[in-house]
Amino acid sequence: MKYSRKIALLILGLATISMSQAQLEDCTLDIASTDTELMIKLFQLNEEQTTSLENLHAEIEVKNRVLYDQIKWLFDNHPQDTEEDLSNMAKKYDVMQRQIMANSRIYDQKFLGTLNERQYERYTILCEEAMRKPLLVPDNFKTFRPPE
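Described in the following lines is the structure provided in the data block. All values reported here derive from a predicted model rather than from experimental measurement.

Another point: helix 5 (residues 117-129). Compared with an ideal rise of 1.5 Å per residue, which puts 13 residues at 18 Å, helix 5 spans 18 Å between its outermost C-alpha atoms and is within 8% of the ideal. Looking at helix 5, one finds that the buried residues are Gln 119, Tyr 123, Thr 124 and Cys 127. Taken around the axis of helix 5, the buried residues stretch over an arc of 140°, which confines them to a single face. When the buried face of helix 5 is taken as reference, the exposed residues oriented beyond 90 degrees from it are Glu 117, Arg 118, Glu 128 and Glu 129. Buried residues along helix 5 sit against strand 1 (26-27), helix 2 (36-43), helix 3 (47-77), helix 4 (83-112) and strand 2 (133-134). Between the side-chain oxygen at the start of helix 5 and the backbone nitrogen of Arg 118 there is a gap of 3.1 Å, and the oxygen is on Asn 116. One or two steps after helix 5, the chain reaches Met 131, where phi turns positive at roughly 60°.

Once that is clear, we can look at the nonpolar core. Leu 29, Ile 31, Phe 43, Phe 111, Leu 112 and Tyr 123 are the most contacted members of the largest nonpolar core, which has 20 residues in total. Elements with a contribution of two residues or more to this core: helix 2, helix 3, helix 4 and helix 5.

Positive phi, normally seen in glycine, also occurs at Gln 44, with a value near 50°. Structurally, Gln 44 can be placed in the loop between helix 2 and helix 3. Look at Gln 44 and you get exposed, because its relative accessible area is 56%. We note that Met 131 has phi near 60°; this positive angle belongs to a residue other than glycine. Tracing the chain through its elements places Met 131 in the loop between helix 5 and strand 2.

Within the fold, Met 96 resides in helix 4. Since its relative accessible area comes to 11%, Met 96 is described here as buried. Distance from Met 96 to Gln 70, taken between C-alpha atoms, is 8.1 Å for residues 26 residues apart in sequence. Here Met 96 is in contact with Leu 67, Gln 70, Ile 71 and Leu 74, once residues within four sequence places are set aside.

About the cut-offs
Residues numbered from 1 in each chain as written. Predicted model: local features only at pLDDT ≥ 70, side-chain atom pairs only at ≥ 80, totals over all residues. Heavy atoms only, no water. Helix = DSSP H or I, 4+ residues; strand = E, 2+ residues; numbered from the N terminus. Expected span 1.5 Å × (residues − 1). Buried < 20%, exposed > 50% of the residue type's maximum accessible area, 1.4 Å probe, protein only. Arc of directions from axis to C-beta. Contact = heavy atoms within 4.5 Å. Polar contact = N/O pair within 3.5 Å; in protein donor to acceptor, adjacent residues only side chain to side chain. Core = buried A, V, L, I, M, F, W, Y, C linked by side-chain atoms within 4.5 Å.

So this is what it looks like as structure tokens:
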């Protein structure tokens, strides 16, 4: 009886752990609004990586500026007299917010693709400490090639 109870508790514990793992949020860096100097120091970036980070930072700022301008225009000009107007405005706003979040994720992945193994490992350790799930970097975003 005691043995089956221990097994049941173990299964319950494992189920709880796997459910909490599934609930982890992505470990984003948000290079659009992050101070690049902090990133340079944190990951000990070389000159090429620093240039890449600064270029990515500038690119996402431009992309998101367009969306922020659209959001401002939406708030300033969209009808807000009825519940239906507000609901339509909220839907349009949600689409733009999702695009900003998608941009952030893509540019974070592009930056992570410039990191070497040691730097990426540091990122994953920081994510684990923050109880976040590290972003995976698609192969086409990887620019670091180890020396042969």
